[in-house]
Amino acid sequence: MRYTLTLPLLTAALCGLALGQSSPGLPNTFPHEWPGQPNGSFSPAWQKYFEVTEKLPNIPGPLPRMFAGNIPVNRQGHPNDTLFFWAFEKQGANGTLTAPADANNTDPWIIWLQGGPGSSGMIALTTENGPIHVLANGTWVLNNFSWNHLADTIWIDQPVGTGFSTADSTGYIADEDQMGEDLLGFLSNLVQVFPSLATRPLFLTGESYAGTYIPYITKHLFQAQNPPVKLRKIAIGDGSVGSQTVIEHLPMVNVLETYPALIGYDQDVFNYFREQSHLCGFDLNLTYPEDGHFPSINAARPTSQSALSQSLFQPTEERTRSRSLRKAVAEKFANAHKKRSLNKRAEFFERREESRMAWKRDLSGRANGTIDPFYGCQLLDEVIDYAVNFTFPWSNGDFDVYDIPDATSPEPFLNASSFFNDNRTRAALHAPTSKDWVRNFNYPFGNTHDRTKGNQFGDPSVEPMAFLSDLATNASAANVSFVFYSGNDDLLVQHRGTEVVIQNTTFGGVQGFSRKPSTPWFDDAGEFAGIVHQERGIAYVLFNGAGHLVPEWKPAQALVFLREFVLGSNLNGTVSGTIVVGGENATLANDFLPGGDEIFYGSGATQGTSTIPAATQAAWNSFIATATATHPPLPTNGASKVTIESIFSMAVVAVIAIMMSV
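Residues numbered from 1 in each chain as written. Predicted model: local features only at pLDDT ≥ 70, side-chain atom pairs only at ≥ 80, totals over all residues. Heavy atoms only, no water.

(A) Representation of the pairing of strand S3 (residues 109-113) within the structure. Of all 5 residues making up S3, 5 are buried, and the element is well covered by its neighbours. Alternating residues of S3 divide into Trp109, Ile111 and Leu113 and Ile110 and Trp112, and every residue in both groups is buried. Judged from the 5 bridges that link them, S3 and strand S6 (residues 152-157) form a sheet pairing that is parallel. Following the sheet pairing, Leu113 is matched in S6 by Ile156. Both S3 and strand S7 (residues 201-207) contribute to a ladder of 5 bridges, which runs parallel. (Buried < 20%, exposed > 50% of the residue type's maximum accessible area, 1.4 Å probe, protein only. Helix = DSSP H or I, 4+ residues; strand = E, 2+ residues; numbered from the N terminus. Pairing = 2+ DSSP bridges.)

Now the structure itself:
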């Protein structure tokens with residue numbers, strides 16, 4: 001099979017650009033035909049072509065047997081739409097990927113998808129759960145906790161155009177349904193090359209925006225008359241399963257309870273955010289089991305037309321990756337509140353405290369019961385802006401939404417770009433020469449985050465939470481189970497949002513979990529690793545001390561988790577009749593798991609830690625215990641006609657209205 005760009009297709013693409021029929025500037029990329037590529041359709045004859053046999057530059061060895069290259073997604077009219085994969089056989093095995101088809105072969109295999117949207121799966125391979133890891137100084141090491149220690153594992157760049165995957169300028173996905181169909185097309189070709197994968201149990205895993213990808217892929221697998229693979233389980237880490245409001249902004253009070261250092265343990269500031277959360281309808285009362293869908297949420301957008309307010313429509317990841325977050329936030333904050341910029345003051349630390357107290361006086365002078373016009377219900381952004389303006393050490397300049405206690409500025413950057421774009425690597429991995437590999441790709445939907453067409457990323461598809469109950473019903477019939485896991489130190493997709501999604505989902509005929517997650521789980525050293533709960537085909541696992549990228553911060557614990565709760569059948573945390581296997585710990589039954597008491601800071605590396613005095617922590621614990629006990633959360637309402645699934649649609653309408661008014 002040849003799938004390089006043909007002359008008629010190239011001519012059509014160029015004509016489309018000339019006539020303005022394609023989005024301007026969208027790349028037109030295609031796979032490369034390396035020596036030895038077979039003729040004809042995909043078959044086991046392609047195994048030799050895809051096998052990685054050349055030495056990879058600067059990579060230590062030995063490595064397991066591996067395969068890499070681009071495979072088409074079978075989208076009609078777009079032969080150059082391909083997905084790039086890098087597959088590793090199980091550590092110590094030989095021939096597991098190239099085994100012949102055998103219906104009795106029950107060896108598991110894993111697919112890993114990155115989020116973004118538009119982030120390369122090679123990020124995880126080289127920094128999280130893959131066999132090789134790049135360090136901040138550019139050197140490489142082997143990862144003793146790679147997920148291929150337990151099973152054949154394939155890391156994929158998707159959707160088309162991401163990383164080393166390719167797409168013509170009119171071939172990017174329109175929505176998540178097209179993404180799902182593309183992946184099924186890729187899988188149908190993959191199993192022709194590696195026939196055993198068609199019948200072996202597949203464990204589909206990923207993190208972040210893969211929380212949107214994976215449910216759509218699962219839906220299309222269930223809908224397929226002859227699915228190309230046998231799905232056994234899905235595992236989603238810190239996933240975008242709900243709307244932006246649910247996963248990003250709703251959990252902010254829980255975030256502050258977890259890491260009060262973000263606001264300097266200031267009780268007045270906490271009360272302000274708790275009031276804003278209440279006004280926005282975010283203080284939901286989760287019950288076990290849940291007795292009705294949650295009421296509609298007032299996801300108010302900023303009403304101010306200030307630069308600060310308008311900046312909030314950017315995806316949070318983009319906003320915090322800006323060249324100088326502290327400078328940008330301080331200028332916008334100062335303009336919005338008619339204050340002098342923090343960056344123009346000689347006595348920075350003294351003036352910062354002066355400004356913080358002025359900010360608090362503004363709050364006391366504002367009428368109670370009103371939503372802040374500058375932020376609306378964008379509480380995640382307001383928490384970040386407060387910390388960057390007023391709280392050491394985040395006031396040094398950067399904020400890592402993926403790992404709250406990491407306040408290094410700049411952060412140590414784990415960048416594999418020079419490795420992937422080395423021509424020796426390209427040749428060894430059979431990668432395309434029509435593009436350079438990049439970590440993050442800005443237009444997977446054929447637009448650069450066009451919010452008039454969808455969510456904050458320009459994705460027009462409804463969030464999976466809207467159909468998760470139906471998906472769970474089909475999954476139960478197909479003997480497919482779900483695992484949702486979260487890092488306790490994640491700010492961007494905090495675990496409270498995942499718990500809301502679960503409690504609003506009906507599975508096994510009951511809405512949500514029947515018992516509150518409170519069972520501890522432990523790593524192989526016997527150390528507390530977090531909380532686990534399992535019911536009726538759905539598992540929830542919280543990682544203590546991990547951020548958004550769980551396998552990066554807790555690699556050993558992530559491998560135990562994979563072994564026990566994803567590939568394995570560990571019953572810890574399982575509801576069995578009137579008991580929970582492993583017991584229930586009352587101290588873990590709170591809405592939040594306290595974070596660490598150290599914040600790391602430095603320039604390019606950890607050079608110091610900020611630790612809160614024990615007396616301050618004790619005073620805070622006393623305050624928060626009283627505040628939690630006396631705060632009345634919103635009740636659920638089974639008769640509500642507008643439920644939390646509608647938040648996405650309401651937010652999109654609000655964004656469009658604001659965009660049209662300016």
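Next comes the rest of the write-up.
(B) Quick look at unusual backbone geometry. Of note, the bond from Gly61 into Pro62 is cis; its omega dihedral lies within 30 degrees of zero at 0°. Here the bond from Tyr288 into Pro289 is cis, since omega is -5°, no more than 30 degrees from zero. Counting through the fold element by element, Pro289 comes out in the loop between helix H8 (267-279) and helix H9 (307-311). The backbone of Asn58 sits at a positive phi, close to 70°, despite the residue not being glycine. Tracing the backbone shows Asn58 in the loop between helix H2 (46-50) and strand S1 (66-72). Assessed through its relative accessible area of 64%, Asn58 is described here as exposed. Phi is positive for Asp238, which is not a glycine, with a value near 45°. Within the secondary structure, Asp238 is located in the loop between strand S8 (230-237) and helix H6 (244-249). The class of Asp238 is buried, set by a relative accessible area of 0%.

(C) Layout of the environment of Thr425. Following the sequence through the fold, Thr425 ends up in helix H15 (residues 423-429). With relative accessibility at 0%, the residue Thr425 sits in the buried group. Between the C-alpha atom of Thr425 and that of Pro57, which follows or precedes it by 368 residues, the distance is 6.8 Å. For Thr425, the residues in contact, after removing those within four places along its chain, are Pro57, Phe419 and Phe420. (Contact = heavy atoms within 4.5 Å.)

(D) Spatial organisation of H8. Taking 1.5 Å of rise per residue, 13 residues should cover 18 Å, and H8 covers 18 Å from first to last C-alpha, within 8% of that figure. Buried within H8 are the following residues: Val269, Phe270, Tyr272, Phe273, Arg274, Gln276 and Ser277. Where H8 begins, the capping side chain belongs to Asp266, and its oxygen is found 2.9 Å from the backbone nitrogen of Asp268. Remark: Gly281 follows H8 within two positions and exhibits a positive phi of approximately 80°. (Expected span 1.5 Å × (residues − 1). Polar contact = N/O pair within 3.5 Å; in protein donor to acceptor, adjacent residues only side chain to side chain.)

(E) A look at the nonpolar core. With 116 residues, the main nonpolar core has Phe85, Phe186, Leu262 and Phe482 as its most contacted residues. Not counting chain neighbours up to four residues away, the residues in contact with Phe482 comprise Ile234, Leu468, Leu471, Ala472, Ala475, Gly537, Ile538 and Ala539. Trp147, Trp155, Val532 and Leu562 belong to the second largest nonpolar core, which has 46 residues in total. (Core = buried A, V, L, I, M, F, W, Y, C linked by side-chain atoms within 4.5 Å.)

(F) Molecular detail of the sheet that holds strand S13 (residues 528-535). Strand order in this open sheet of 10 strands is S1-S2-S6-S3-S7-S8-S9-S14-S13-S12, and the pairing throughout is mixed. Across the chains shown, the open sheet's two edge strands, defined by having one partner strand only, are S1 and strand S12 (519-522). Across the sheet, the axes of successive neighbouring strands diverge by a mean angle of 25°, strand direction being ignored. Alignment of S12 against S13, held across 4 bridges, turns out to be antiparallel. Looking at the pairing, Phe522 lines up with Phe528 of S13. (Axes fitted to C-alpha atoms, helices over the stretch in contact; angles between N-to-C directions.)

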